[in-house]
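Observations on the model geometry
One-letter residues, chain by chain:
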Amino acid sequence: KQKTAYEISACLVGSEMCIRDRCAGRDKIETPEQFENSQKYCESLKLDGLIVIGGDDSNTNACLLAEYFKKNNCHTKVIGCPKTIDGDLKNDYVEVSFGFDTACKVYSEVIGNICVDTISSKKYYHFIRLMGRSASHIALECALLSRPTHTFIGEEVEAKQQSLAHCINELADLICKRAANGKDYGVVLVPEGLIEFIQEIKVLISELNTVLAKNISEEDKQKDVSDIFDLVLNHLTKDSAELLQYLPRTIAEQLLLDRDPHGNVQVSKIETEKLLILMVTSELEKRRSQNQYNSLFQPIPHFFGYEGRCAFPTNFDCDYCYSLGVNAAILIDLGYTGVMSVIKGLDQKPDQLSLIHI
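Residues numbered from 1 in each chain as written. Predicted model: local features only at pLDDT ≥ 70, side-chain atom pairs only at ≥ 80, totals over all residues. Heavy atoms only, no water.

**Details of the sheet that holds strand β6 (residues 299-304)**
Backbone-to-backbone hydrogen bonds join strands into a sheet, with any given pair of strands oriented parallel or antiparallel. Defined as follows: Should DSSP find at least two bridges between two strands, the strands are taken to pair. Put simply, DSSP marks the helices as runs of H or I at least four residues long and the strands as runs of E at least two long, and each gets a number from the N terminus on. The contact definition used throughout considers only heavy atoms, calling two residues in contact when any of these lie within 4.5 Å. Every angle, taken between N-to-C directions, lies between 0 and 180 degrees, and every axis is a line fitted to C-alpha atoms, over only the stretch in contact when it is a helix.
Sheet architecture is open: 4 strands sit in the order β4-β5-β3-β6, paired in parallel fashion. Edge positions in the open sheet fall to β4 (150-151) and β6, since each of these has one partner strand only. Summarising the sheet, β4 and strand β5 (residues 186-191) pair through 2 bridges and their orientation is parallel. Paired with H150 across the strands is V188, a residue of β5. Relative to the sheet, helix α6 (residues 137-146) contacts β3 (125-130), β4 and β5, its axis offset from that of β5 by approximately 155 degrees.

**Some details on the environment of L164**
Here L164 shows up in helix α8 (residues 164-180). When the C-alpha positions of L164 and Y246 are compared, they lie 9.7 Å apart, and in sequence the two are 82 residues distant.

**Describing the sheet that holds strand β1 (residues 49-54)**
What the 4 strands build is an open sheet, ordered β1-β2-β7-β8; its pairing is mixed. A single partner strand is all that each edge strand has here, and the edge strands are β1 and β8 (354-357). On average, each strand axis in the sheet is inclined to that of its neighbour by 30 degrees, with strand direction left out of account. In terms of strand pairing, strand β2 (residues 77-82) meets strand β7 (residues 339-344) through 2 bridges, oriented parallel. Pairing of G80 across the sheet is with M340, part of β7. Of the strands in this sheet, β1, β2, β7 and β8 touch helix α15 (residues 315-333), which is tilted by about 135 degrees from β7.

**Digging into the packing of helix α3 (residues 32-44) against helix α4 (residues 56-71)**
Threshold: To sort the angles, those under 35 degrees are grouped as roughly parallel, those over 145 as roughly antiparallel, those from 65 to 115 as roughly perpendicular, and the leftovers as oblique. Basically, the charged four are Asp, Glu, Lys and Arg, the nonpolar ten are Ala, Val, Leu, Ile, Met, Phe, Trp, Tyr, Cys and Pro, and anything else, Gly included, counts as polar.
It is at 10 Å that the axes of α3 and α4 come closest, and there the two elements cross at 70 degrees. The pairing of α3 with α4 is recorded here as roughly perpendicular in orientation. Residues F35, E36, S38, Q39 and C42 of α3 lie in contact with α4, whose contacting residues are L64, L65, Y68 and F69. Residue composition of the contact of α3 with α4, grouped by class: 6 nonpolar, 2 polar and 1 charged.

Structure follows, in structure tokens:
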């Protein structure tokens, strides 16, 4: 017997993930063959509905699938559900993505443990990079829950048009002030996409992408990295050339060599916490030579990422996901396709939630 939408609502998440994993892993559905295979697969399973769970890319795919299915008279309805650990789907309609609450609580517990240990040992500065490329929501939420020494918020850096040097000096000033009070320890939270919020870095990356694509031959790209560095410098604007030279050499080389299949810089692979450690260490040594800093700086880098994605969900996320699934099942049963399941009023009591679609 074929299950109705209501009967399968409790297992929608698991079913969707199995379908996605068997078809194409985490890749986008882009080619005509992939769309055709998706329709064949859904029809072979006699699916009334397909729930696509994910961020902006996944929900864009859901919309395109819905249009393709409808155009080709496929019975399967396609509904999207908002899910991204970064929380960067937050808008007037999507109040929060599921999993965000769980991830923040998991990270904050560990950050809190480190904060307590730091106060006890009084020796180290812990630089903790948290997931969040295009939004700093996780870093901000964890900061509110754990109260670290300092937290960088990418959107704030962008709004204030702060340079990388300004961020480094701001942190070095804080460390010097704490050292003057006998506190050579602390905890610093860093969103992984911090440097993407710095305008001068954006300009540098854009210029590097252009120069490496148009001005550096394939033969030159096989040369030693120091030779490539010099070649690239000659084609950059004055400000970008100075910034590239200002960066630690390992990071600069990473910008030059670590490219994606399209030839672009893979910013997500840059270890932001280590970048800050290298540059703050250099700035403090400069201040030490000027007798402006005479303490011991012992940094320790951390990256909290996938640990927060696989944790046992909080009660909030359990209730939220259940509601999203039921709403998605109702939408399928009512014949909707190409829409996203959305729950409004998440700050209210459960019986006051609003089930809508966008």
